[in-house]
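Listed below, chain by chain, are the residues.
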Amino acid sequence: MATMADIAKKVGVSKGTVSKAINGAPDISETLRKTILETAVELGYLRARRGAARTLAILVENMGYTKPEDFGTDIVTGFRQMAEPAGYNVQVTELSVDLERTTRYDEYMLQQGYLGALLLGLSLEDPWLEDFRTSHTPAVLYDNLVQPNPTVATLGMDNNEAVGQAVAALRAMGHRKVGYLSSALGSHIYRVRYQSFFNALRQNDLPDDPSLAGTSFFSSETLDAHLPRLLEQGVTAILCSSDLLAHTVMIRCQELGLHIPQDISIMGFDDLAFCAHTSPPLSTIRQDRLQLGKSGYYALQSLLDGVPISSLLLHAPLILRGSTGPAPQRQSQ
């Protein structure tokens, strides 16, 4: 079991210097601090202290979690419902790209005394995604994938299955030309959903031309360019990468004089609270966020126990409401 004395011996400094470095004392140079922290991680110092420091972290970026309607609120609640009765403290902390640029994941976790973390909201541009390729401290990444590292696991919904069910349901309603609108493909999960959509088209013997999809960082481009293009091609149903986007698309279609679902069906992804109250109520793919939080704990506990779990994916039920219905009689050739 690694101790401060082991770290001190390997680095060639005193135990007091090691203690200062780990606890963030200001009178240690950044170069020496970095060397000490990297050595501590290499020797497994944090893992050796698990019995004394039973704190797990939920590290959040680009995701709300403080209000009831926030996407991350139920995930945090579900995680706590499992972790706290098991004897862990749970600390929820907001991340920043600046922090990730200046402090590596393992070093941050060691400094904070966290045994492992569930990470929410990271994008493909986050510096820590590169860290996770070689990190040692257990981490569960929601909607992100890093391989191969036996101390890092992926958590999410089975998007390929979910999108496949959505497209199959639209086909069963008579839709033969289905379009897809998405936010920019700057996150792992939006790329997965985009690829899953075209996989589903092929599995259902539907046209899979790339022009049937539109992606953009700006909602204005989606509404002013991509949506009209899909309508001109004769799509009778549109699947969107999120409920927020689907609701925006639905409103624009209504402004264009289209009736939903008589003229066009719209479907989202997530099943946020407002979906049941739009006009008409929005069909969507549900993410059970409470179960995601609980599953995040299961995955993290597995990693802490030395079980190298890779991915934990939940089934995502399809919720059909008033925004989807039988395809109109007109069908583009």
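Residues numbered from 1 in each chain as written. Predicted model: local features only at pLDDT ≥ 70, side-chain atom pairs only at ≥ 80, totals over all residues. Heavy atoms only, no water.

## A short note on the sheet that holds strand 2 (residues 89-94)
- Strand order across the open sheet formed by six strands is 2-1-3-4-5-11, with parallel pairing between neighbours. The sheet is open, and its two edges are formed by strand 2 and strand 11 (311-314), each paired on a single side. Each neighbouring strand pair of the sheet contributes to a mean axis angle of 20°, computed without reference to strand direction.
- Inspection of the sheet shows strand 4 (residues 139-142) paired to strand 5 (residues 152-157) by four bridges, in the parallel sense. Bridge pairing in strand 5 places Tyr142 opposite Leu155. (Pairing = 2+ DSSP bridges. Helix = DSSP H or I, 4+ residues; strand = E, 2+ residues; numbered from the N terminus. Axes fitted to C-alpha atoms, helices over the stretch in contact; angles between N-to-C directions.)

## Re the environment of Tyr65
- Relative to the helices and strands, Tyr65 resides in the loop between strand 1 (55-60) and helix 5 (73-83).
- A relative accessible area of 17% places Tyr65 in the buried class.
- Expressed as a C-alpha distance, the spacing of Tyr65 and Val92, which sit 27 residues apart in the sequence, is 9.4 Å.
- Sequence-distant contacts of Tyr65, defined by excluding residues within four places in its chain, comprise Val60, Asp70, Gly72, Thr73, Val76, Val92 and Glu94.
- Separated by 3.4 Å, the side chains of Tyr65 and Glu94 make a polar contact. (Buried < 20%, exposed > 50% of the residue type's maximum accessible area, 1.4 Å probe, protein only. Contact = heavy atoms within 4.5 Å. Polar contact = N/O pair within 3.5 Å; in protein donor to acceptor, adjacent residues only side chain to side chain.)

## Side note on the sheet that holds strand 12 (residues 318-319)
- With mixed pairing, six strands are arranged side by side in an open sheet as 7-6-8-9-10-12. Looking along the sheet, the strands with just one partner apiece sit at the ends: strand 7 (213-216) and strand 12.
- Where helix 10 (residues 188-203) meets the sheet, its contacts fall on strand 6 (178-183), strand 7, strand 8 (237-240) and strand 9 (265-270), and the angle it forms with strand 6 comes to roughly 175°.

## A few points about helix 5
- By the burial criterion, the buried members of helix 5 are Thr73, Ile75, Val76, Gly78, Phe79 and Ala83.
- Residues of helix 5 that are buried make contact with strand 1, strand 2, strand 3 (116-120) and helix 13 (289-304).

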